[in-house]
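Coordinate inspection notes
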Amino acid sequence: MKYISTRGGILPLSFEDAVLTGLADDGGLIVPEQVPTVTREEMMKWRHLSFVDLSVEIMTKYIPDAEIPKSDLHDLVSRSMSSFSHPSITPLVRVGGVYVLELFHGPTFAFKDVALQFLGNLFEHILKKRNEHINVVGATSGDTGSAAIYGLRGKENVRVFILFPKDRVSPIQELQMTSVHDENVHCL
């Protein structure tokens with residue numbers, strides 16, 4: 001599996017290079033070269049998997065085993081989701097006549113925790129393997145900053161710098177960002 005730019009201006013990248021690149025040099029988004037097929041048989045096998053196991057099965061369609069072996073990927077996802085307060089991670093609950101996916105059981109109560117808890121562990125895994133370091137710079141007016149901080153806090157080889165406007169985020173969001181005292185976290 002290789003990754004390309006939506007604007008077509010870069011050479012195909014490996015999964016790890018795509019993760020560390022962020023946006024493509026041509027300003028496009030980095031996407032898979034092709035969308036993998038999921039068979040009906042696979043979907044039937046996946047029906048009763050846990051959140052972690054289902055996540056791993058889907059991710060292995062996009063992440064070559066040569067880059068991140070399935071057992072390592074399972075460990076990354078398990079550690080990432082261990083900070084969620086609900087055993088189902090994102091439970092599907094019935095509300096009246098509809099089903100609602102609850103995405104607020106992460107450490108900052110934001111839906112972004114689902115991705116950013118994993119991304120922090122993924123960065124750490126890739127950077128440790130490559131003996132590299134990165135700086136992550138973000139600007140927020142709300143929950144993105146705290147979700148990024150909680151996903152990256154304490155991660156080796158990663159420093160995170162989050163900018164937020166004074167008196168323009170909610171008090172709880174400001175506390176979520178400014179009360180994290182890990183050495184690699186910097187709120188500005």
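Up top is the structure these notes are about.
This section reports on the structure supplied with the text.

**Focus on the pairing of strand 4 (residues 98–101)**
Taken together, the 4 bridges between strand 3 (residues 92–95) and strand 4 define a ladder with antiparallel strand orientation. The partner of Leu92 across the bridge, within strand 4, is Leu101.

**Topic: the sheet that holds strand 6 (residues 158–163)**
Pairing in this open sheet of 3 strands is parallel, and the strands run 5-6-7 from one edge to the other. Looking at which strands have only one partner, the edges of the open sheet turn out to be strand 5 (134–139) and strand 7 (185–187). Strand-to-strand, the axes of this sheet are offset by a mean angle of 15°, without reference to chain direction. Where strand 6 lies against strand 7, 3 bridges are found, and the strand directions are parallel. When the sheet's bridge partners are listed, Ile162 is paired in strand 7 with Cys187. Packing against the sheet, helix 6 (residues 143–152) makes contact with strand 5, strand 6 and strand 7, and its axis sits at approximately 165° to strand 6.

**Observations regarding the packing of helix 6 against helix 7 (residues 171–178)**
In contact at an axis separation of 9 Å, helix 6 and helix 7 are set at 25° when each is read in the N-to-C sense. If you check the angle between helix 6 and helix 7, you find them roughly parallel. Between helix 6 and helix 7 lies a crossing whose hand is left-handed. Listed contacts from helix 7 to Asp143, Gly145, Ser146, Ile149 and Tyr150 of helix 6 are Gln173, Gln176 and Met177. Tallied by class, residues from the contact of helix 6 with helix 7 come to 3 nonpolar, 4 polar and 1 charged.

**Describing the pattern of salt bridges**
When charged atoms on two side chains of opposite charge get close, those side chains can pair. Taken as a whole, this structure holds 9 salt bridges when the rule is applied. One salt bridge connects Arg130 with Glu16, and the closest N-O pair in it is separated by 3.6 Å. Note that Arg130 is positioned in helix 5 (residues 113–130) and Glu16 in helix 1 (residues 15–21), a separation of 114 residues in sequence. Arg130 gets classed as partly exposed once you look at its relative accessible area, which sits at 28%. Connected through shared salt-bridge partners, Glu16, Asp17, Lys129 and Arg130 make up one network.

**Describing the side chain of Ser146**
Note that Ser146 resides in helix 6. A polar contact is formed between the side chain of Ser146 and the side chain of Gln176, at a distance of 3.1 Å. Residue contacts for Ser146: discarding those within four places in its chain leaves Thr108, Gln173, Gln176 and Met177.

**Focus: the environment of Lys70**
Among the structural elements, Lys70 can be located in helix 4 (residues 70–81). Lys70 gets classed as partly exposed once you look at its relative accessible area, which sits at 38%. Setting aside residues no more than four positions away along its own chain, Lys70 makes contact with Val56, Glu57, Thr60 and Asp65. Within polar-contact distance, the side chain of Lys70 engages the side chain of Glu57 at 2.8 Å.

**Description of the environment of Leu188**
As for its position among the elements, Leu188 is in the segment after strand 7. Overall, the relative accessible area of 56% leaves Leu188 in the exposed class. For the pair Leu188 and Thr108, spaced 80 residues apart in sequence, the C-alpha separation works out to 19 Å. Dropping the residues within four chain positions of it, Leu188 is found in contact with Phe161, Ile162, Leu163 and Phe164.

**Notes on the packing of aromatic side chains**
Scanning the entire structure with this criterion turns up 1 aromatic pair. Cation over ring: Arg153 sits above Tyr150, and NZ or CZ is 5.2 Å from the ring centre.

**Structural notes on helix 7**
Buried within helix 7 are the following residues: Gln173, Gln176 and Met177. One face of helix 7 carries all of its buried residues, which in axial projection span an arc of 95°. Exposed residues lying more than 90 degrees from the buried face of helix 7 are Pro171, Ile172 and Leu175. In this fold, the buried residues of helix 7 make contact with helix 6, strand 6 and strand 7.

Here is what the cut-offs are and how they apply
- Residues numbered from 1 in each chain as written.
- Predicted model: local features only at pLDDT ≥ 70, side-chain atom pairs only at ≥ 80, totals over all residues.
- Heavy atoms only, no water.
- Pairing = 2+ DSSP bridges.
- Helix = DSSP H or I, 4+ residues; strand = E, 2+ residues; numbered from the N terminus.
- Axes fitted to C-alpha atoms, helices over the stretch in contact; angles between N-to-C directions.
- Contact = heavy atoms within 4.5 Å.
- Parallel < 35°, antiparallel > 145°, perpendicular 65-115°, else oblique.
- Left-handed = near helix turned anticlockwise from the far one by under 90°.
- Nonpolar A, V, L, I, M, F, W, Y, C, P; charged D, E, K, R; others polar.
- Salt bridge = Lys/Arg side-chain N within 4 Å of Asp/Glu carboxyl O.
- Buried < 20%, exposed > 50% of the residue type's maximum accessible area, 1.4 Å probe, protein only.
- Polar contact = N/O pair within 3.5 Å; in protein donor to acceptor, adjacent residues only side chain to side chain.
- Phe/Tyr/Trp six-rings, centres within 6.5 Å; stacked < 30°, edge-to-face > 60°.
- Lys NZ or Arg CZ within 6 Å of the ring centre and 35° of its normal.
- Arc of directions from axis to C-beta.

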